[in-house]
Amino acid sequence: HPVRSTTYGVMRKTAESAKQGADYDMTNPLSMHTDHSVYQGTPGYLQFLYQAEGSVRSKVCDGLALAEYVREHHPEAYKLLTTVEMTHSSRNTLYTREGAPRSVYDQSTAPAPFELVHTHPIIQLDAEGHVEKVVQSETKRGVCALPYDVYEPFMEAYELWTQLCEDERFI
C-alpha cells in the first residue's frame, strides 16, 4: 500500500509498505479498514481470519458502535458521512489473463489489469435510517472524487472518523 500524506493525515508510515507482502509488519501497520470496499453488496458485519503460517496481531473496530457515537456526538459529521458518496477503487496486476495469481515481481507472466470501482457513503443506512454497514479503506479511497463545496467539511468529518477507528473505545 502506498504512502499518502494529506492535510488530514498520513495513510502509512513508510514506503516499505509498498513492497508486496509487507501488510503484516506491525511496526508499520495498515490503518483500520474494511476489506472489499470496492465490491457492491459486500456484507459489512463479520469477517473471519485464518493465519495459515506465522503469527499476526489483528485489531477489529466496532463500526456500528463508532457510527452511533458519531451520530450522537458529531451530528454534522454523521450527516456528511451518511450522505456524501466516496469512491473506492482498486486497480492491480496481481493476476494473469487466465485469472491465475501472479507476483508483481514476476516478469515471466503477462499481467492483466484488474479494476473495481464502487461509490457509496462511508456509513451506509438502510431505508429506515439504521446503520446497514460501514465501508472505509484509506488505501482504496479516491482522493479527488468529492464535490468542491463539501470537500473541506467532509474531509474534517472523515478525519474524525479515521481517528476514531483507531480509538481503543471501539477496538
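The coordinates are above.
Computed from a predicted structure; not experimentally measured.

Undergrad: Can you break down the overall build of the protein residue by residue, with the values?
TA: Along its length, the protein carries three helices and six strands. Overall, the protein shows an N-to-C arrangement of helices and strands of β-β-α-α-β-β-β-β-α. Buried residues in the protein amount to 33% of all 171 residues. For the protein, contacts bridging at least 24 residues in sequence account for 64% of all contacts bridging at least 6. For the protein, the accessible surface area stands at approximately 10,900 Å², while carbon and sulfur atoms represent 54% of it.

Undergrad: Tell me about the packing of helix H2 (residues 75-83) against helix H3 (residues 151-165), and please be specific about residues and values.
TA: Viewed as axis vectors pointing N to C, H2 and H3 meet at an angle of 100°, and their least axial separation amounts to 9 Å. One finds that H2 runs roughly perpendicular with respect to H3. Residues Ala77, Leu80 and Leu81 of H2 pack against Pro153, Phe154, Ala157, Tyr158, Leu160 and Trp161 of H3. When its residues are assigned to classes, the contact of H2 with H3 shows nine nonpolar, no polar and no charged.

Undergrad: An account of the side chain of Thr87 is requested, with residue identities and associated values reported.
TA: Position of Thr87 among the secondary structure elements: in strand S3 (residues 86-92). Reaching out from Thr87, the side chain makes a polar contact with the side chain of Thr119 at a distance of 2.8 Å.

Undergrad: So what's going on with the pattern of salt bridges? Residues and values would help.
TA: Counted by the stated rule, this structure contains two salt bridges. Among the ionic pairs, Arg71 bridges to Glu68, the shortest N-O distance being 2.4 Å. Pair noted here: Arg71 and Glu68 are both in helix H1 (residues 63-73), with a separation of three residues, about one helical turn. Accessibility expressed as a relative area gives 29% for Glu68, which makes it partly exposed. Between Arg169 and Asp167 there is a salt bridge; the shortest N-O distance is 2.7 Å. Given a relative accessible area of 52%, Arg169 falls into the exposed group.

Undergrad: Residue-level account of the side chain of Gln124, with values.
TA: Within the secondary structure, Gln124 sits in strand S5 (residues 123-125). Apart from the residues lying within four places of it in its own chain, the contact partners of Gln124 are His130, Val131, Glu132, Lys133 and Val135.

Undergrad: Residues and numbers for the packing of aromatic side chains, please.
TA: Considering all chains together, one arrives at two aromatic pairs under this definition. Their ring planes at 15° and their centres at 6.1 Å tell us that Phe154 and Tyr158 sit as a pair that is stacked. Separated by four residues within a single helix, Phe154 and Tyr158 lie in helix H3, roughly one turn from each other. Stacked on the ring of Tyr69, the Lys or Arg Arg169 has its end atom at 4.9 Å from the ring centre.

Undergrad: Could you give me a rundown of a nonpolar patch on the surface, with the residues and numbers involved?
TA: Where nonpolar side chains cluster on the molecular surface, the patch consists of Leu94, Tyr95, Val104, Tyr105 and Phe114 and spans about 430 Å² of accessible area. By secondary structure assignment, the location of Leu94 is in the loop between S3 and strand S4 (114-120).

Undergrad: Describe the packing of H1 against H3, naming the residues involved and giving the relevant values.
TA: Orientation of H1 relative to H3, taken along the N-to-C sense of each, is 135°, at an axis distance of 11 Å. Classified by the angle between their axes, H1 and H3 sit oblique to one another. The hand of the H1/H3 crossing is right-handed. Taking contact as the criterion, the partners of Gly63, Leu66, Ala67, Tyr69 and Val70 in H1 are, on H3, Trp161, Leu164 and Cys165. Tallied by class, the residues present in the contact of H1 with H3 amount to seven nonpolar, one polar and no charged.

Basis of the calculations
Residues numbered from 1 in each chain as written. Predicted model: local features only at pLDDT ≥ 70, side-chain atom pairs only at ≥ 80, totals over all residues. Heavy atoms only, no water. Helix = DSSP H or I, 4+ residues; strand = E, 2+ residues; numbered from the N terminus. Buried < 20%, exposed > 50% of the residue type's maximum accessible area, 1.4 Å probe, protein only. Contact = heavy atoms within 4.5 Å. Areas by Shrake-Rupley, 256 points an atom, 1.4 Å probe, with all protein chains shown as cover. Axes fitted to C-alpha atoms, helices over the stretch in contact; angles between N-to-C directions. Parallel < 35°, antiparallel > 145°, perpendicular 65-115°, else oblique. Nonpolar A, V, L, I, M, F, W, Y, C, P; charged D, E, K, R; others polar. Polar contact = N/O pair within 3.5 Å; in protein donor to acceptor, adjacent residues only side chain to side chain. Salt bridge = Lys/Arg side-chain N within 4 Å of Asp/Glu carboxyl O. Phe/Tyr/Trp six-rings, centres within 6.5 Å; stacked < 30°, edge-to-face > 60°. Lys NZ or Arg CZ within 6 Å of the ring centre and 35° of its normal. Patch = residues over 30% accessible without salt bridge, like charges linked within 9 Å, V, L, I, M, F, W, Y side chains within 5 Å. Left-handed = near helix turned anticlockwise from the far one by under 90°.

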